[in-house]
2 protein chains.
Amino acid sequence: MAPRPSYRLTRIPEMTIRRLSVYTRCLLQLEEDGVKTVSSQELADRFNLNSAQVRKDLAYFGEFGVRGIGYYVSGLKAELQKILGLDREWTVVLVGFGNLGSALSRYKGFARQGFRIVAVVDDDPAKVGREIDHMPVIASRDMAREIKARGAQIAIVAVPAESAQTVTDQLVAAGIKAILNFAPARLKVPRDVRLKNVDLSIELETLSFYLAKGSRS
Amino acid sequence: MAPRPSYRLTRIPEMTIRRLSVYTRCLLQLEEDGVKTVSSQELADRFNLNSAQVRKDLAYFGEFGVRGIGYYVSGLKAELQKILGLDREWTVVLVGFGNLGSALSRYKGFARQGFRIVAVVDDDPAKVGREIDHMPVIASRDMAREIKARGAQIAIVAVPAESAQTVTDQLVAAGIKAILNFAPARLKVPRDVRLKNVDLSIELETLSFYLAKGSRS
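Please read all numbers here as calculations on a predicted model, not as lab measurements.

**Some words on the relation of the copies chain A and chain B**
Item 1. Turning chain A through 180° and shifting it by 0.0 Å along the axis lays it on chain B, with an RMSD of 0.0 Å. Taken together, the rotation angle and the small translation identify this as a two-fold axis. The position closest to the rotation axis in chain A is occupied by the C-alpha of A:Asn99, lying 2.4 Å away.

**Side note on the pairing of strand β5 (residues 90-95) of chain A**
One face of the sheet, then the other: side chains in a regular strand alternate in exactly this way.
Residue and element names in this part refer to chain A.
Item 1. Taking burial as the measure, the six residues of β5 include five buried ones, the bulk of the element.
Item 2. Relative to strand β9 (residues 154-157), β5 runs parallel, the two sharing four bridges. Its bridge partner being in β9, Leu94 is matched across the sheet by Ile156.

**Things to note about the environment of B:Gln170**
Residue and element names in this part refer to chain B.
Item 1. By secondary structure assignment, the location of Gln170 is in helix α8 (residues 161-173).
Item 2. Spatially, the C-alpha atom of Gln170 lies 33 Å from that of Leu80, the residues being 90 residues apart in sequence.
Item 3. Beyond its immediate chain neighbours, meaning those up to four positions away, Gln170 contacts Ser140, Met143 and Ala144.

**Side note on the packing of helix α1 (residues 14-32) of chain A against helix α4 (residues 73-83) of chain A**
Residues and elements named next belong to chain A.
Item 1. The contact between α1 and α4 brings their axes to 9 Å, and the two run at 145°. As α1 runs across α4, the sense of the crossing is left-handed. Within the contact between the two elements, α1 uses Leu20, Tyr23, Thr24, Leu27, Leu28, Leu30 and Glu31 and α4 uses Val73, Ser74, Leu76, Lys77, Leu80, Gln81 and Ile83.
Item 2. A per-class count over the contact of α1 with α4 returns nine nonpolar, three polar and two charged.

**Quick look at the sheet that holds strand β7 (residues 131-132) of chain B**
Residues and elements named next belong to chain B.
Item 1. With respect to topology, seven strands assemble into an open sheet ordered β7-β8-β6-β5-β9-β10-β11, the strand pairing being mixed. On the outer flanks of this sheet lie β7 and β11 (194-197), each paired with one strand and no other.
Item 2. Looking at chain direction, β7 and strand β8 (residues 135-138) are connected through two bridges and run antiparallel. Note on β8: the bridge partner recorded for Glu131 is Pro136.
Item 3. Packing of helix α7 (residues 143-150) onto the sheet brings it into contact with β5 (90-95), β6 (115-121) and β8, and relative to β6 it is tilted by some 155°.

**Observations regarding the domain arrangement of chain A**
Item 1. We note that the domain assignment places domain 1 (2-83) and domain 2 (90-201) within chain A.
Item 2. Here the C-alpha centre of domain 2 of chain A lies 31 Å away from the C-alpha centre of domain 1 of chain A.

**Examining the sheet that holds strand β6 (residues 115-121) of chain A**
All names here are of chain A.
Item 1. Spatially, β7-β8-β6-β5-β9-β10-β11 is the arrangement adopted by the seven strands of the open sheet, whose pairing is mixed. Across the chains shown, the open sheet's two edge strands, defined by having one partner strand only, are β7 (131-132) and β11 (194-197).
Item 2. Strand contacts of helix α7 (residues 143-150): β5, β6 and β8 (135-138), with the helix running at about 155° to β6, the strand carrying the most contacts.
Item 3. Relative to β9, helix α8 (residues 161-173) is tilted by about 170°, and along the sheet it contacts β5, β9 and β10 (178-181).

What counts, and where the lines are drawn
- Residues numbered from 1 in each chain as written.
- Chains lettered and ligands numbered in written order.
- Predicted model: local features only at pLDDT ≥ 70, side-chain atom pairs only at ≥ 80, totals over all residues.
- Least-squares fit on C-alpha atoms with pLDDT ≥ 70 in both.
- Buried ≥ 20, exposed ≤ 12 C-beta atoms within 10 Å, placed from the backbone.
- Helix = DSSP H or I, 4+ residues; strand = E, 2+ residues; numbered from the N terminus.
- Pairing = 2+ DSSP bridges.
- Contact = placed C-beta atoms within 7 Å.
- Axes fitted to C-alpha atoms, helices over the stretch in contact; angles between N-to-C directions.
- Left-handed = near helix turned anticlockwise from the far one by under 90°.
- Nonpolar A, V, L, I, M, F, W, Y, C, P; charged D, E, K, R; others polar.
- Domains from an automatic or database assignment.

Okay, here's the thing in structure tokens:
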């Protein structure tokens, strides 16, 4: 295990980061199954990955393999978690408490990975002041204060498209540095703020690709 | 434009398919902006892509560039839509009508890409028999009949983890060939059924990666 002390962010494809998340999940499962060491080939075979890709992705961050042994499952998992920032807790605000916001507020996967939603923002008078699973619902006029008080760095935007840019501007002004956007809107953020748009139809399109191909061949 | 008549599915990385969806969206935007032709470099610059990657991804499917011109925006868009199976309509059943299911049933992006939800399945007596935006809510005992009658090939699973495998087995028995799973459960499907798991925390992890790196350097 010799992680590189410093890697250049610009060199690392976002898809590599995405795959690190996948590898971490695979390693977690191996750990649960009591597996101590694994080769990139075994990892690839078991989880339908590409072994050359695994090695290439990991190479951005250091030399994790041990000749004749492969990877130490727990050690590599811990390294990847550290690289992904999963060795700490992140405070998150969720903006929008409609159906999607409700579903996201209850999404167990976030907390499990260290993303703790500390406040839900919605201007519906029927919702403001309520508390859902220890998350207070606050009005948007109190959002900036709450973000600063809680030191929140990440926001999830789950509002309708037409209010998404206004909300985003407010989040940025309040000091949010990373936004996960579910609204079907093209948002503008300053260069020092990371924006990630979730487009759920892309997930369906990888399925229709295979179905379309199957029906043609 | 000389699309390859036949490409081997096994050779094509899933990430390439995912990027084809992204390219299609970029081309749609260029088309809306009145742009007629674009080079891979311009495409990459404008949408923060990697031009070598664009060329490599497209090369799996044919020779789309024209020397000295680049790509014809509308033509390439149409080709990619055809490859992704977006030149036709897919009938989809949505299983689970809780918060997430509700949000997904109203997700405009699906219909825009040709994915039409024809029925929502939920066993809550308060929901069965209702109609939401022309989608009937049916009980799971009627699901197989509805799938066959509608010729649905794709299902979206948005039920709690503990019922996800049961639902999946029923869907497969009813003839569903592709499943988009939102339940935090590891599902088993036969080899001829495509399963895609959506893990929303992966999206947050690409953000925490950049935040973690930023705070360390």
